[in-house]
Each structure stands twice: as structure tokens, then as C-alpha cells.
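# Examination of the molecular architecture
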Amino acid sequence: MSSKLLSISISSLIKLVYFSRYNDSRRDDDEQRSQNESLDVSNSDTSQPVLDGRLHFAKFETSKRNDCLDFIRSKKLWLGGFHDCTAPSSDKIFIKVTGGGAYKFADLFKEKLGISLDKEDEMNCLVTGANFLLKAVHQEAFTYLDGQKEFVQIDHNDLYPYLLVNIGSGVSMIKVDGDGKFERVSGTNLGGGTFWGLGRLLTKCKNFDELLELSHQGNNRVVDMLVGDIYGADYAKIGLSATTIASSFGKAISDNKELEDFGPEDISRTLLRMIQIILVRSLT
């Protein structure tokens, strides 16, 4: 078995994670620091085997799946797959994959890398992973309000039920009642895929990261119509401040401005805020 273990999730983005021991991880950092994020891993429980090393995370747009295959090949990550000694020689190496792409691109992985995909149910993987993190990782749960992060103490005896919101291409809301016990209770077709799709049409950005970075530079108030733009002040009678968004993209209808007057950074910021607001309100 190689020192590297590989698993993949394939939807509108390909997300992969692999583990390397410290002697390998230093080399990986030098080669792919800009493309990977990494996390140190060390088991403090001396009753269990110690895995001193690092988890690496990488992502690729599914449209650029060949780049992902080249990445896997260059690092020989398929050697971290599982070996089935009972399978025919051509099917002995397989890796764990979830998401719709596990079915759609199975033949491509077989053709290009000579490996088989062991398909896992997407929602089951999601819930199992969330349960593990909440139970095993200290300070995994936190609230974030007004720029401040506050960690939440998790009572393992009173963990369930909880609502798990998975924001991917679309959004699924899952009620988790225990290990292996869950149901999808709601969702929406507006999600990360909506942000990327509309953002690409409106800003001509070439990839998701570029669009997200562009949004950090923008100001949605340039494009959004605020309560203050309508009333000139707060609408205190019904509890609306002057900075409340009255209409997303509302200023784009102004006769005083042309579409070219709105910068791509402000458009991307406005789009991100609009989707954020829709998702938060769908939870209430």
C-alpha cells in the first residue's frame, strides 16, 4: 500500500483528498502549494496507530477533468487506491468516488488511469462525514456573526437531530437523526452552480476562483437598490434600515446609467449577496 490514500467527489467541481506522510508532504507542498490546501494530521490517541502526515485538498472544474487526471497521474495517487485480490487483474485497483460523476466518468478513469471507481452514495458520505467531524474534531462547530467567529460546544449525547445544509451546485437540506439515519427535507436549485453560471455570463470570468476573488473586490451597493435609495433614510416603521437591500440588481434599471457603467467586481459581489440572502431565507 502506498503512503497516499485517495478519494474523490465529482459534481460540477472535482474535489479530491489524499494523505501523505511528512517526507512525501514536504515534496508535495513544494510542487503544488498554489493548487492544494493541506491540513496536518496526527493521532493523539496512543491506543490507535499513529498517522503522522498531512491531508491535501485539491479541486478542478469538471469541464477540465483531464487536468485532474494528469494531476493524479503525476503524483501516482492511484497507488493509494484499494487493492481487490479477488478481482481480475485489470480491476484490482479501485478508488472511492462519490457524486454523479462517479457514474458519468467511470469509463474515463478506467481508460486513462486503468483504475476502477468504487461508487459511494453521496448523501450517506456527507452525513457520515459531518457526524464524524462533530464528534471527533475539537472546535469543529462555530457561529459567525458580524465578522466574529464563536465556537460552539457540542454535547455528543444531545447531537441529534440537526439540519445539515449542503451547498454545492444546488442545495440540499438534510435532517440528520443519527448514524445512518437521515432524510432530505428541502432544497433549492439555486447554489454554487447558479453563482458560477450567471457570473460567467455577466462578467466573462474564466473560472470559479476568479469569480469569487473578483466578488471580494466589489461593492454590491453600486448595483443593488437599497431602502435608502427609495426613502432617503431608514424605513423605521417596519424595521428596515437604509442599507437593507430592497431589490437585488435594482440600480441596473436606472435611466442614468448604461450597463457598461457597472464593473464586473460589483456585479459579482451583487450576485453573491443575492444568492446568500436567498439561501438564508430558505432556511427560516
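What counts and what doesn't
- Residues numbered from 1 in each chain as written.
- Predicted model: local features only at pLDDT ≥ 70, side-chain atom pairs only at ≥ 80, totals over all residues.
- Heavy atoms only, no water.
- Buried < 20%, exposed > 50% of the residue type's maximum accessible area, 1.4 Å probe, protein only.
- Helix = DSSP H or I, 4+ residues; strand = E, 2+ residues; numbered from the N terminus.
- Arc of directions from axis to C-beta.
- Contact = heavy atoms within 4.5 Å.
- Polar contact = N/O pair within 3.5 Å; in protein donor to acceptor, adjacent residues only side chain to side chain.
- Salt bridge = Lys/Arg side-chain N within 4 Å of Asp/Glu carboxyl O.
- Pairing = 2+ DSSP bridges.
- Axes fitted to C-alpha atoms, helices over the stretch in contact; angles between N-to-C directions.
- Phe/Tyr/Trp six-rings, centres within 6.5 Å; stacked < 30°, edge-to-face > 60°.
- Parallel < 35°, antiparallel > 145°, perpendicular 65-115°, else oblique.
- Nonpolar A, V, L, I, M, F, W, Y, C, P; charged D, E, K, R; others polar.
- 1 Å grid on protein atoms, 1.4 Å probe; cavity = no way out; pocket = protein on both sides within 12 Å on 5 of 7 lines; lining within 4 Å.
- Points joined across faces, edges and corners; volume = space filled by probe spheres on them.

## Some words on helix α7 (residues 208-216)
- Within α7 the residues assigned to the buried category are L211, L214 and S215. For α7, the angular spread of the buried residues around the axis is 100 degrees, confining them to a single face.
- Packed against the buried residues of α7 are α6 (192-203) and α9 (264-283).
- Its side-chain oxygen 3.3 Å from the backbone nitrogen of D209, N207 forms the N-cap of α7.

## Looking at the pattern of salt bridges
- Summed over the entire model, instances satisfying the criterion amount to seven salt bridges.
- Residues R73 and D70 are paired through a salt bridge, measuring 2.8 Å at the closest nitrogen-oxygen approach. Placement of both R73 and D70 in helix α2 (residues 65-74) is noted, with a separation of three residues, approximately one turn of the helix.
- Judged by its relative accessible area of 32%, R73 is partly exposed.

## Brief notes about the sheet that holds strand β12 (residues 181-188)
- The three strands lie next to each other as β10-β11-β12, forming an open sheet whose pairing is antiparallel. Because the sheet does not close on itself, it has two edges, and the strands there are β10 (162-167) and β12. Ignoring strand direction, the axes of neighbouring strands in this sheet form an average angle of 25 degrees.
- Taken together, the six bridges between β10 and strand β11 (residues 171-178) define a ladder with antiparallel strand orientation. Residue pairing for β11: L164 is matched across the bridge by I174.

## So, the packing of aromatic side chains
- Scanning all chains against the criterion turns up six aromatic pairs.
- Ring centres 5.5 Å apart and planes at 55 degrees place the aromatic pair F60 and F71 in the tilted group. Residue F60 is found in strand β4 (residues 53-61), and its partner F71 is found in helix α2; the two are separated by 11 residues along the sequence. One exposure class covers both F60 and F71, and it is buried.
- Seen from their ring centres, F195 and F208 are 5.9 Å apart, and the 85 degrees between their planes marks the pair as edge-to-face. Highlighted residues: F195 in helix α6 and F208 in helix α7, separated in sequence by 13 residues.

## Details of the packing of α6 against α7
- For the pair α6 and α7, interaxial distance at closest approach is 10 Å and the crossing angle is 80 degrees. As judged from the angle between their axes, α6 and α7 are roughly perpendicular. The segment α6 lies against α7, with G192, F195, W196, G199 and T203 engaging F208, L211, L212 and L214.
- Taken together, the residues that form the contact of α6 with α7 break down as six nonpolar, three polar and no charged.

## A few points about the layout of surface pockets
- The calculated volume of the second largest pocket comes to roughly 590 Å³.
- If you trace the second largest pocket, you find 15 residues lining it, with L134, E140, A141, F142 and L164 closest to the centre.
- Counting residues per element, the ones that place at least two in the lining of the second largest pocket are α5 (122-136), β8 (142-145) and β10.
- Its residues assigned to classes, the lining of the second largest pocket shows 11 nonpolar, one polar and three charged.

## Side note on the pairing of β11
- The buried fraction of β11 amounts to six of the eight residues, a majority that puts the element mostly inside the structure.
- Counting the residues in the hairpin turn of β10 and β11 gives three residues.
- Two elements, β11 and β12, share seven bridges in a ladder whose sense is antiparallel. Across the sheet, the residue bridging to M173 is S186, located in β12.
- With antiparallel pairing between neighbouring strands as the criterion, β11 and β12 make up a hairpin whose turn holds two residues, including G180 at a positive phi of roughly 75 degrees.

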